[in-house]
Amino acid sequence: MTEATESPSLKAPDPTFVGRPSERLFSPWIAGTAVGGMLFVTAALCIWIAWSAGYYAFKGEFRENLVSLAQVAASEVDAELHKQITSPEQQESPEFHKVAYPLKRMLTSVDSLRYIYTAIERDGQVYFVVDSCEPGDHDGDGRDDQAKIMELYEDADEVMVGCFSTQSAAATPNPYTDEWGSFVTGYAPFHDDDGNFVGLVGVDVTADEYNRHLASMERAAFTALIPAMLISILVGFVVGVTERVRYRDRAARGRTELELVARSEELQRVNEDLRRSETSAQSANRAKSEFLANMSHEIRTPMTAIIGFAEMLQDRAFDESSEKRDEAISTIVNNGRHLLALINDILDLSKIEAGKMTLEWIALNPAHEIKGVFTALAGRAESQRLNYQLEFANRLPKSMMFDVVRVRQILVNLIGNAIKFTPQGQVTVTASFDIESEESAWFRVRVKDSGIGMSDEQLKTLFKPFHQADTSMTRRYGGTGLGLSISQRLAQLLGGQIVAHSQPGEGSTFVFEMKVDPSAVSFDADASSISALDSMEMQRLWEQASQLNELLPPEPASPIAAANTPRAETTPELPLAGVRILVAEDGPDNQRLIQLLLRKAGADVTIVENGALAVAAVLQVSLLGALEEMESGTADGLFDVVLMDMQMPVMDGYEAANTIKQACPQLPIIALTAHAMKGEREKCVAAGCDEYLTKPIDRIRLIETTKRFATCQLTQHSKPVAEPAAPNNA
């Protein structure tokens, strides 16, 4: 340990040096011993690594050389002639000598080789065929060194057996011993003229030379340890002396460092508190921004319809039929009720958060209340052609204490959601009353649907305020995400809870359960009156639903047909005469309002309900215009302007605008959205929109802006045929 390794630090100092009496001087020598020992261990480890690398490199190189020798020997074997040697009687035949000659020549030219031979495999046994060794006892072991033709080799090693199996070259990883001695062997296959495997060539090298080389490497490694040990002892002694001199200074410095560490930890705690406060503030700011953006969209959307239709009714020039007036008034009332429900949701959530929510407990018939909610929502189910059922699993009390307003609010939310998120299939409402003991009973309502379902991740945020199953739910189905959160908290105030189970694509099940005191309930002697809906009530229910279904808006006109209608002449009374406008808007009320405003200004209006249909309409009409241009030199089949809502199901306005601009860069797109937060204009322009208008709709500004962009578009369409047309990528 030297002076260069010491530097001021706010880390906690070693407690063994803080406050230790200066008379105890063992620590420096312990440090010196530790450093010397570590140095020796490090040196020994390095020597071992170097020896291991050399050891395995030598073995690998040795094996590669053996395999190469075996492959050279295999290339010298005449395989066709070798196949004719099948009997011991051919030991002195010309065929044998012709095959053995190149192997004998190779054996005499390479000093390290002991044996070169060929072998074949028959019925799982290995047999020698041609041995290049001369007959006789050359090594003094009392036996003939030459293996005879078809002599069984009972000690075949695993590598040789593997080479027969894979028909590839290899070498034994370590020396082995058999009846012929200790060897390291390489094997290589040889083939006949047709490429068929015939046998192996074996090349044996005695293990003595191999072992001597490895032993010399080990001796060199052990010899290198001696200077490493001496150097380690010397370094340890120097370190001990140095540490002894510095010991007293380190103890004093340690006490100072302890004080610095304490101050540093205090500063870290303060900084951590500041970071947590900053993170909390940022999170609260994001939540506030998300809430404001969501509420802005939810409030501005119905306000667009309310203000727009109210201005039209206020206009003395409004000469539509009484049916149109009734439709405008109905739209205003429905959207006003939607706003009232939204405000009530926000107030309910605020009361619950502040602990100001009060409950009114009244003894009522739960079956009648459930049937009332079920009947009220039957029209929605019928309009979607759903199989809508109410069931009673067992006998319900005639009278039970509960807050009827809050229970209705919970049931309306659960059943309404089931209908809304079930495009087709069925919705089943099942009520039950279960007595567990003399002191405990449970009132339960199970709402099961076959709708879109949810994943486990979506269920985790289901009961949080302003959350729906995913971000596309708001665009497709609407809603603020407050309903389930309020219902869950109301259920908890009532002494119960809401439990949800769901699978994507298989539907969802919501269970509202409320704990009831059995002593506060009473039963009717005849339970059949509440076991199900009576036939007269069911008939009235479906009649009301059928009447509601007749009020649904008609299907929009085909985009192609609308695009090909003749143009009218522009007049001051009809500022948009002849202008062909594509409106992408998913809200039925806003569809009717925008269509009425634009048509009264003389425009030809095509309505689509999502971005995907808008893209399809533009691309189809653009293709039609290109065909007409090829035939007549004009492109009069294009839309002049696109009004694009930015929040829509299937494909939102941002993606749709970007896609349309890539295909038709000259087509003007005007964003028409309820989002009015800062930065929304820039976001719309970046997506490909040419202008940005907010809801509620300003009728005059809408018509003026549309006319301005339509005039530019019509001017481009009126250019002479001889001028080159703008590129069309559709």
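Residues numbered from 1 in each chain as written. Predicted model: local features only at pLDDT ≥ 70, side-chain atom pairs only at ≥ 80, totals over all residues. Heavy atoms only, no water.

## A few points about the packing of helix 9 (residues 404–420) against helix 12 (residues 483–493)
What counts is decided by this rule: Every axis corresponds to a line fitted to the C-alpha atoms, with the helix fit spanning only the stretch in contact, and the corresponding angles, defined between N-to-C directions, vary from 0 to 180 degrees. Elements are defined by DSSP. Helices are runs of H or I of four residues or more, strands are runs of E of two residues or more, and each kind is numbered from the N terminus. When describing relative orientation, an angle under 35 degrees is termed roughly parallel and one over 145 degrees roughly antiparallel, while 65 to 115 degrees is termed roughly perpendicular and anything else oblique. Note on convention: the crossing is left-handed when the near helix lies turned anticlockwise from the far helix by less than a right angle, right-handed when the turn is clockwise. In this description, contact between two residues means that some pair of their heavy atoms is separated by no more than 4.5 Å. Throughout this entry, Asp, Glu, Lys and Arg are counted as charged residues, while Ala, Val, Leu, Ile, Met, Phe, Trp, Tyr, Cys and Pro are counted as nonpolar. The remaining residues, Gly among them, count as polar.
The contact between helix 9 and helix 12 brings their axes to 10 Å, and the two run at 140°. Judged by the inter-axis angle, helix 9 sits oblique to helix 12. Helix-helix and strand crossings are classified by hand; for helix 9 and helix 12 the assignment is left-handed. Packed against helix 9, whose contacting residues are R406, Q409, I410, N413, L414 and N417, the element helix 12 presents G483, L484, I486, S487, L490 and A491 at the interface. Here the contact of helix 9 with helix 12 is composed, by residue class, of six nonpolar, five polar and one charged.

## Topic: the pairing of strand 7 (residues 197–206)
Convention followed: Only protein chains enter the accessibility calculation, which uses a 1.4 Å probe. A residue is then buried if its area is under 20% of the maximum for its type, exposed if over 50%, and partly exposed in between. The pairing criterion is simple: DSSP has to find at least two bridges between the two strands.
Of all 10 residues in strand 7, eight are buried; the element is thus mostly enclosed. Inspection of the sheet shows strand 1 (residues 113–122) paired to strand 7 by six bridges, in the antiparallel sense. Paired with T118 across the bridge in strand 7 is V201. In this structure, strand 6 (residues 181–191) lies alongside strand 7, joined through nine bridges in antiparallel fashion. Its bridge partner being in strand 7, F190 is matched across the sheet by G199. Between the end of strand 6 and the start of strand 7, which pair antiparallel, lie five residues, with G195 showing a positive phi angle near 85°.

## Details of the pairing of strand 13 (residues 496–503)
Burial along strand 13 is one-sided: the residues G496, I498, A500 and S502 are buried and none of Q497, V499, H501 and Q503 is. Bridge count for strand 13 against strand 14 (residues 507–516) is eight bridges, and the pairing is antiparallel. Residue pairing for strand 14: A500 is matched across the bridge by F510. The turn joining strand 13 and strand 14, which pair antiparallel and follow one another in sequence, is formed by three residues; a positive phi near 80° is taken by G505.

## Concerning helix 4 (residues 158–166)
This is how it is decided: Throughout, the arc means the angular range of directions from the helix axis out to the C-beta atoms. Identification of polar contacts relies on pairs of N or O atoms within 3.5 Å, with a donor-acceptor requirement for protein atoms, meaning one able to donate a hydrogen and the other able to accept it, and with residues adjacent in sequence counted only if both atoms are side-chain atoms.
Along helix 4, the residues that are buried comprise M160, C163 and F164. Viewed end-on, helix 4 has its buried residues packed into an arc of 100°, placing them on one side of the element. Every exposed residue of helix 4 that faces more than 90 degrees away from the buried side is listed here: E158, S165 and T166. Contact partners of the buried residues in helix 4: strand 1, strand 2 (125–131), strand 4 (170–171), strand 6 and strand 7. Two to three positions downstream of the cap, the backbone nitrogen of V159 sits 3.0 Å from a side-chain oxygen, assigning the N-cap of helix 4 to D157. Directly beyond the C-terminal end of helix 4, a positive phi value near 55° is found at Q167.

## Points about the packing of aromatic side chains
The criterion, for reference: We call Phe, Tyr and Trp rings a pair once their centres come within 6.5 Å, taking the six-membered ring for Trp, and we label the pair stacked below 30 degrees between planes, edge-to-face above 60, and tilted otherwise. By definition here, charges over rings are those cases where NZ of Lys or CZ of Arg is within 6 Å of the ring centre and within 35 degrees of the ring normal.
Across all of its chains, the model carries seven aromatic pairs by this definition. Between the aromatic rings of Y117 and F128, the centroid separation amounts to 5.3 Å while the plane-to-plane angle is 80°, which identifies the pairing as edge-to-face. Linking Y117 in strand 1 with F128 in strand 2, this pair joins segments that are 11 residues apart in sequence. Taken as a pair, Y117 and F128 share a single burial class, namely buried. Ring centres 6.3 Å apart and planes at 80° place the aromatic pair F164 and F197 in the edge-to-face group. Residue F164 is found in helix 4, and its partner F197 is found in strand 7; the two are separated by 33 residues along the sequence. Overall, F164 belongs to the buried group, its relative accessible area being 5%. Directly above the ring of Y654 sits K683, whose terminal nitrogen or CZ lies 4.5 Å from the centroid.

## Description of the environment of L359
Within the secondary structure layout, L359 lies in the loop between helix 6 (322–354) and strand 8 (362–364). By relative accessible area, L359 is classed as partly exposed at 24%. L359 sits 135 residues away from L494 along the chain, and the two C-alpha atoms are 8.1 Å apart.

## A short note on the confidence of the model for the protein
Detailed reading of predicted coordinates is not advised where the pLDDT is low. For clarity, the cut-off: On a range of 0 to 100, pLDDT expresses the predictor's confidence in each residue.
The predicted model of the protein has a mean per-residue pLDDT of 77, with 77% of residues at 70 or higher. For the stretch residues 1–10, pLDDT sits under 50, and the model shows 14 contacts to residues farther than four places along the chain or on other chains. When the criterion is pLDDT under 50, residues 719–730 qualifies, and its contacts beyond four places in sequence or with other chains add up to 12 contacts.

## Section: the sheet that holds strand 16 (residues 604–608)
Spatially, 16-15-17-18-19 is the arrangement adopted by the five strands of the open sheet, whose pairing is parallel. Pairing within the sheet leaves two strands with one partner each, and these edge strands are strand 16 and strand 19 (691–694). Neighbour-to-neighbour, the strand axes of this sheet turn through a mean angle of 20°, independent of strand direction. One ladder, built from three bridges, connects strand 17 (residues 641–644) with strand 18 (residues 669–673); its direction is parallel.

## Describing the nonpolar core
Selection criterion: Joining through side-chain atoms within 4.5 Å is the link that ties buried Ala, Val, Leu, Ile, Met, Phe, Trp, Tyr and Cys residues into a set, and such a set is a nonpolar core.
Grouped together as the largest cluster of nonpolar side chains are 48 residues, with contacts concentrated most on Y388, F443 and F512. It is helix 9 that contributes the most residues to this core, eight residues altogether. Counting residues in each nonpolar core, the second largest holds 35 residues, with F96, V99, I120 and V198 among its members.

## Quick word on the pattern of salt bridges
To be explicit about the condition: The term salt bridge refers to a side-chain nitrogen of Lys or Arg lying within 4 Å of a carboxyl oxygen of Asp or Glu.
On inspection of all chains with the given rule, the structure shows 13 salt bridges. The partner of E272 in a salt bridge is R275, with the nearest N and O atoms 2.6 Å apart. Of the two residues, E272 and R275 are both situated in helix 5 (residues 207–314); the distance of three residues between them amounts to about one turn of the helix. Looking at E272, the relative accessible area reads 32%, which means it is partly exposed.

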